[in-house]
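Architecture at a glance
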Amino acid sequence: MLRTKKMDVAKGSGPRGGMVYPKPDGESDLRAVKDRIKKQLKIPGFKRCPKTPKPSTSNAVENPPPKEVVLSFMDHLSQKALAEASKHLISLEEQLFTQKSAQTEGGSPTRSGEEEDKLHADYQTLLVQLWMAVHDSFSPAPSREHLEVLRGAVIAVMQQEEQDRQWEDRPDGLSPPEWRPLRCRSTHNSLLQMMVESRLRNATVQQDIEGADNLSTDMKREVCKVGKCLKKDLLVVVRDVKDCYPQDLDICNLYARMYHRTFSTQLTELARSGLDVDDCTYLLFWINDYYPNTILQDKELKMNINSESMGSLVPEEDQAVLEEQYLAHKEDKVITWFNEALKNEVKDWQKGNMPEIIDGYCFCPLAIDIIQVINCAVKECKSILGNKSKGQRILSKLESFLISYKHSLDEFMKGRRDNTQAILKANLVSIKQIRDFIIGEDDSMSEEIKAKCLLTLTSLKDCGYGYFIGPMQEELKVQYKRLWTHDWLTGSQNILENILETLYKNLENFTDLKPVCREELLGRLHTDVMVEYVKRMMKRKIKLRNSEQQENAARLLSEDNRKLNSFFIEEWGSKESWLSEILPKLAEVLRLQDPGSIQLEIVTLAVDHPDLRTSHVSALLSLKTNLSAADTRTIKESLEENRLSLTTANDMPPFFSKVPVKWIIKIM
């Protein structure tokens, strides 16, 4: 049996007496181990080689070549040539144990265990030097000399790994040294993990991390210091340490995974510690934004580290708790901001204050306030939660705000104060701005929320424009009744001209309404006037008994269409140009006398306006009293038979559905 001496440096407890680096508890333990190791090492200097006596000048013999100096293990260590020191020990190991095997097989007595013990002690000394070199990887300013030592240490680790494999592949009868396998690579990785844990743990007490000490809470300072220490260390790895390792070790990703796991453990503990909303928000910001998008996306780190394989910093269930806490708080804040903005506006309305005038138009700041709140909430949600979609829950509060907005505006309009019209003009602009904003939101607002908000806004618009158009239509009601009467047919009175004059006087009051809203007001008014005109036509107050009367009515219809177009489109800028095509088509039905041609014109009208009903056709044809009942029935039946096959590519808004017509029942 081999004799084993008690060594001053502790041996590991692994299989076959393999040595492992003692696991320190914190940076202080690492420093203590390092200091103890230094005291144990007694590395002698070089021994001087004996001087070769100078040859006698009297002899003519040539000088022999100088002998090659063979460096010992300790000589290599003194020069910090760790790879050469490792190679030297492996060579001694091969000689010693090959010789030992030969002696055992030959029956000769085995050698003394002193050489084996000495070699074992040298290995322990080597390992201490290796781990010291690795431990100094993050020295404040790694010098070229230190990096060379680290490179030699890494080579030595790989040499010892190869020697472990060599012993594993040898015949079973050949016993390996008691220290084999050394498992240097495993010990190396364990040391790296301890270094990472120690550095991130000690980062919390450092005072020189930029920006951290200015943060408001201990938790924020801790997260900031640890996170920035992580980035700083990884940059040292990719800039300096990486070149000391072979590519197959993938040292950058090895370090990155260790730092990620350690940082994750620390943040998970914080997440479970019961944070207030402020700290919760800051932690989510690091988890979802700053760490993945700023640290891992650093140009140098991105080139060397596979960040996609890292995963989340905090387990999904813990992150869900944090996000719920943040969203609940943010919902309350958004609702408060919405209500405060509306409350301030309503106070101004009720005080009788007039709206602000900007560029000559009435202006209300409510939409700007609301949109700003939404934009800030969406932007913050994207940063804090990682994507905009998680903020849809907050944006759902916009619907309840718009309902409150409509209720407040409805109540205000009932008062009919001196400032009501001006306030409504300003709010129509706000409604338009909010509507445009919602329509333009593509990814942050769900289609369901968007549809509900737009429905409420449409109701708001209808109330606002209805407030202005309603009184105008009421004023015109008497004049509308004179359309399509005997006076209209004879042209004895300027009925349409009077209607347009009344409209002109009313529209002059809207020069302070912003053009985009005035355009919509005109479009609605233009449509309403056309609907009233056609409705009066289909009241059938007059009968066109012959072709002359029908042609005269068709002519008057065309002239009225020209006047309406001139007023609304040319003079006031209405964009509803499609309305100008309706009266000429109705006039053509009146003018035609051939039943087949009338039938074709009716079908064409139905193609352009799918909302044309049989009741409309009956009312229109009843004006032509010279058209037989059989022809009328044939035309209507033809329309119904062909309605399903009628297709149209135009996108005209509905018109005839707004024209109510009473059914005509005739007994044939």
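Above: the structure in question.
In what follows, the accompanying structure is described. (Residues numbered from 1 in each chain as written. Predicted model: local features only at pLDDT ≥ 70, side-chain atom pairs only at ≥ 80, totals over all residues. Heavy atoms only, no water.)

**Some points on the overall build of the protein chain**
Regarding its fold elements, the protein chain presents 24 helices and two strands. When burial is assessed residue by residue, the protein chain has 47% of its 668 residues classed as buried. Contacts in the protein chain between residues at least 24 apart in sequence constitute 77% of all its contacts with a sequence separation of at least 6. (Helix = DSSP H or I, 4+ residues; strand = E, 2+ residues; numbered from the N terminus. Buried < 20%, exposed > 50% of the residue type's maximum accessible area, 1.4 Å probe, protein only. Contact = heavy atoms within 4.5 Å.)

**With respect to the pattern of salt bridges**
Enumeration over the complete set of coordinates arrives at 34 salt bridges. A salt bridge links Glu93 to Arg180; the nearest nitrogen and oxygen atoms lie 3.0 Å apart. Taken together, the residues span a long stretch of sequence, with Glu93 in helix α3 (residues 82-106) and Arg180 in the loop between α5 (144-168) and α6 (184-203) at a distance of 87 residues. Overall, Glu93 belongs to the buried group, its relative accessible area being 0%. Of the residues examined, Arg180 reaches a relative accessible area of 1% and is grouped as buried. (Salt bridge = Lys/Arg side-chain N within 4 Å of Asp/Glu carboxyl O.)

**Some thoughts on the environment of Cys376**
Turning to its location among the elements, Cys376 is positioned in helix α12 (residues 366-385). We classify Cys376 as partly exposed; its relative accessible area is 44%. It is 9.9 Å that separates the C-alpha atoms of Cys376 and Val334, two residues lying 42 residues apart in sequence.

**Some details on the packing of helix α7 (residues 218-239) against helix α8 (residues 251-271)**
Running from N to C, α7 and α8 point in directions that differ by 175°, and their axes come no closer than 10 Å. Between α7 and α8, the angle falls in the class roughly antiparallel. Taking contact as the criterion, the partners of Met219, Glu222, Val223, Val226, Gly227, Leu230, Asp233, Leu234, Val237 and Val238 in α7 are, on α8, Ile251, Cys252, Tyr255, Ala256, Tyr259, Phe263, Gln266, Leu267 and Leu270. Residue classes in the contact of α7 with α8 are distributed as 15 nonpolar, two polar and two charged. (Axes fitted to C-alpha atoms, helices over the stretch in contact; angles between N-to-C directions. Parallel < 35°, antiparallel > 145°, perpendicular 65-115°, else oblique. Nonpolar A, V, L, I, M, F, W, Y, C, P; charged D, E, K, R; others polar.)

**Structural notes on helix α18 (residues 495-507)**
For α18, built from 13 residues, the straight-helix expectation of 18 Å at 1.5 Å per residue is met to within 8% by its first-to-last C-alpha distance of 19 Å. Buried within α18 we find Ile495, Leu496, Ile499, Leu500, Thr502, Leu503, Asn506 and Leu507. For α18, the buried positions fall inside an angular range of 155° around the axis, keeping them on one side. Of the surrounding secondary structure, the elements contacted by the buried residues of α18 are α16 (447-480), α17 (486-490), α19 (515-537) and α20 (547-571). (Expected span 1.5 Å × (residues − 1). Arc of directions from axis to C-beta.)

**With respect to the nonpolar core**
Counting residues in hydrophobic clusters, the biggest one holds 192 residues, and the most contacted among them are Tyr255, Leu398, Ile438, Trp484, Leu586, Leu590 and Phe655. Top contributing element to this core by residue count: α16, with 12 residues. Leaving out residues up to four positions away in the same chain, Tyr255 has contacts with Ser137, Phe138, Leu192, Met195, Val196, Leu234, Val237 and Val241. (Core = buried A, V, L, I, M, F, W, Y, C linked by side-chain atoms within 4.5 Å.)

**Considering unusual backbone geometry**
Cis rather than trans, the peptide bond between Arg180 and Pro181 has omega equal to 0°. The topology assignment puts Pro181 in the loop between α5 and α6. Even without being glycine, Lys80 reaches a positive phi, approximately 60°. Its location among the elements puts Lys80 in the loop between α2 (73-78) and α3. On the basis of relative accessibility, which here comes to 45%, the residue Lys80 falls in the partly exposed class. Positive phi values are uncommon outside glycine, yet Asp359 reaches one of about 55°. Mapping Asp359 onto the fold places it in the loop between β1 (356-358) and β2 (361-363).

**Observations regarding the packing of aromatic side chains**
In this description, a pair of aromatic rings is defined by centroid distance and the angle of the planes. Under the defined criterion, the tally for this structure stands at 22 aromatic pairs. Ring centres 4.7 Å apart and planes at 55° place the aromatic pair Trp286 and Tyr290 in the tilted group. Here the residue Trp286 and the residue Tyr290 both occupy positions in helix α9 (residues 277-295), the gap between them amounting to four residues, near one helical turn. Taken together, the ring pairs in this structure connect Phe263, Tyr282, Phe285, Trp286, Tyr290 and Tyr291 into an aromatic cluster. (Phe/Tyr/Trp six-rings, centres within 6.5 Å; stacked < 30°, edge-to-face > 60°.)

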